[in-house]
Amino acid sequence: MVSLLSPSLPLHHGIVMLDVEGYGSGERTDEHRASVHNGLNRAVRRAFSATGADWTACTYQDGGDGGLLLVPASVPKLLLLGPMLASLAAEVARHNAVSSPAATIRLRCCLHAGEVRSVEHGIVGGGVVHASRLLASEPLRAARRGSDSPVVLIVSDLFYQDVVRHDPAEEPDRYRRVDVAVKELRAPAWIRDGAAPAPIDPTDLPDPTCGGGAGRAPAAPVIRFTEVVDALLAVPSVHDEASRRFVLDVLSARIRDAVPHHPRTRFHVHALVRTCAGYEGGLAELLAAVRELEGDSEAVRRAEVVVRSWTDAQGRAGS
């Protein structure tokens, strides 16, 4: 364990707790477990790098069949949801793609936050206990059994109320409330559906250049935030790093100065879209900037349709 915690004073941390399903299964040999163990540790470190935060400022306990990551309060907790978990799922999928069935990883993950202190041979804190109970809960185990996603997620009610529900880009409606009863804990929590959304079929999207036709309009497709990011990434002036700087320069200072930078293109665009979505009229401002620099193109029109559909869906969900 690497720890920078004070030996006496409790400090507030983001708490990320992980557990590998079926780690002790009789189908696994020690060689399989070694592959799982090493694969998970690599995945966690690579996934955390997507936040842009300093790994050495964190505390990580390797549990063999899982892990505990304590993230300093200076790291925004939203980064644990978007860049980190998306990257974690991708890294686990990469491990599984080159592993035998007995060496694959299916993760349960819990996000919480609380005070933690260092003791002689480890760490203690009520938040860590709370997270461990949520991780062991039957609702999460059932979600794990019913999902093909590499990672299924549960967040504490505190994490949901303080972080998730305030960020429309995190799509709070994808979380469902569950009641957890494990040992001494009786508490609500929230599970996010982990399956990746189906890609958009362009023929299902309305033509923005045409008015409504006669008869009943087809049902609007369900647009996910990741599809908004994908649509904007398809615009050359957004995908190209040098051009993206011009897009940022066109945005108002309130948004431009709030966008965190990530060296990887997708994560930077993810952060750009997430930031714009957090401001009233922010996505419309982003689209106007893209159209100003890119001009009229099929990619720009498609991005406008996808963003408009997602924004409308968020408005309906909030009404």
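Before reading further, recall that the structure is shown in the block above.
Read on for a plain summary of the structure. (Residues numbered from 1 in each chain as written. Predicted model: local features only at pLDDT ≥ 70, side-chain atom pairs only at ≥ 80, totals over all residues. Heavy atoms only, no water.)

## What to know about the packing of aromatic side chains
Basically, it comes down to this: Stacked, edge-to-face and tilted labels apply to pairs of Phe, Tyr and Trp rings (six-membered ring for Trp) whose centres lie within 6.5 Å, assigned for plane angles under 30 degrees, over 60, and everything in between, in that order. In this description a helix means any DSSP run of H or I spanning at least four residues, a strand means any run of E spanning at least two, and both kinds are numbered starting from the N terminus. The cut-offs for exposure are 20% and 50% of the maximum accessible area for each residue type, with area from a 1.4 Å probe on protein chains only; residues under the lower value are buried, those over the upper are exposed, and the others partly exposed.
Applying the stated criterion across every chain yields a total of five aromatic pairs. Centre to centre, the rings of tyrosine 160 and tryptophan 190 are 3.8 Å apart; their planes meet at 5°, and the pair counts as stacked. Here the residue tyrosine 160 occupies a position in helix α5 (residues 157–162), and tryptophan 190 occupies one in strand β8 (residues 185–192), the gap between them amounting to 30 residues. The same class applies to tyrosine 160 as to tryptophan 190, namely buried. Every member of this aromatic cluster is reached through a ring pair, and the members are Phe48, Trp55 and Tyr60.

## Things to note about helix α10 (residues 265–277)
Selection criterion: For a helix, the expected span equals 1.5 Å multiplied by the number of residues minus one.
Look at α10: 18 Å from first C-alpha to last across 13 residues, which is about the 18 Å you get at 1.5 Å a residue. Most of α10 is tucked away, with eleven of its 13 residues classed as buried.

## Considering the environment of glycine 39
This is how it is decided: Should any heavy atoms of two residues lie within 4.5 Å, those residues are counted as being in contact.
Looking at where glycine 39 falls in the secondary structure, it is placed in helix α1 (residues 30–49). Looking at glycine 39, the relative accessible area reads 4%, which means it is buried. Sequence spacing of glycine 39 and arginine 94 is 55 residues, and the spatial spacing of their C-alpha atoms is 9.5 Å. Setting aside anything within four residues of it in sequence, one finds glycine 39 in contact with His95 and Ile105.

## Some thoughts on helix α4 (residues 138–145)
For the record, the criterion: This arc describes the spread of directions from the helix axis toward the C-beta atoms.
Among the residues making up α4, those that are buried are Leu140, Ala143 and Arg144. Take α4 and look down its axis: the buried residues cluster within an arc of 100°, on one side only. Where the residues of α4 are buried, they touch β4 (107–119), α3 (126–135), β6 (151–156), β7 (175–182) and β8.

## Quick word on the packing of helix α6 (residues 225–233) against α10
Put simply, the rule is: Lines fitted to the C-alpha atoms define the axes, with helices restricted to the stretch that makes contact. Angles between their N-to-C directions range from 0 to 180 degrees. Any angle that is under 35 degrees is reported as roughly parallel, and any over 145 degrees as roughly antiparallel; angles of 65 to 115 degrees are reported as roughly perpendicular and all others as oblique. Note: crossing handedness is left-handed where the near helix turns anticlockwise from the far helix by less than a right angle, and right-handed where it turns clockwise. Residue polarity follows a fixed list, in which Ala, Val, Leu, Ile, Met, Phe, Trp, Tyr, Cys and Pro are nonpolar, Asp, Glu, Lys and Arg are charged, and the others, Gly among them, are polar.
Where α6 meets α10, the closest approach of the two axes is 10 Å, and the angle between their N-to-C directions is 115°. By the angle between their axes, α6 is roughly perpendicular relative to α10. Two packed elements cross with a definite hand, and for α6 against α10 that hand is right-handed. Between α6, through Phe225, Thr226, Val228, Val229, Asp230, Leu232 and Leu233, and α10, the contact on the second element is made entirely by Thr265, Arg266, Val269, His270, Val273 and Arg274. Considered class by class, the residues forming the contact of α6 with α10 number seven nonpolar, three polar and three charged.

## A short note on the side chain of serine 237
The criterion, for reference: Polar contact is the term for a pair of N or O atoms within 3.5 Å; when the atoms are in protein, one must be able to donate a hydrogen and the other to accept it, and sequence-neighboring residues count only if both atoms are side-chain atoms.
Position of serine 237 among the secondary structure elements: in helix α7 (residues 236–239). Side chain to side chain, serine 237 and glutamate 294 meet in a polar contact 2.8 Å long. Once residues within four sequence positions are removed from consideration, serine 237 is found in contact with Ser243, Arg244, Val247, Val290 and Glu294.

## Brief notes about the pattern of salt bridges
The cut-off we apply is this: By salt bridge we mean one thing: a side-chain nitrogen of Lys or Arg within 4 Å of a carboxyl oxygen of Asp or Glu.
For the structure on display, the rule yields 19 salt bridges. A salt bridge links glutamate 170 to arginine 274, with the shortest nitrogen-to-oxygen separation between them at 3.6 Å. Separated by 104 residues along the polypeptide, glutamate 170 in the loop between α5 and β7 and arginine 274 in helix α10 bring together distant segments of the chain. By the burial criterion, glutamate 170 is buried, and arginine 274 matches it. Salt-bridge contacts for aspartate 230 lead to arginine 266; the nearest nitrogen and oxygen are separated by 2.6 Å.

## Section: the environment of histidine 12
Tracing the backbone through its elements, the reader meets histidine 12 in strand β1 (residues 11–20). Each C-alpha atom, one on histidine 12 and one on glycine 114, is 5.2 Å from the other, the two residues being 102 residues apart in sequence. Those residues in contact with histidine 12 that lie beyond four places of it in its chain are Pro72, Ala73, Lys77, Ala113, Gly114 and Glu115. Separated by 3.3 Å, the side chains of histidine 12 and glutamate 115 make a polar contact.

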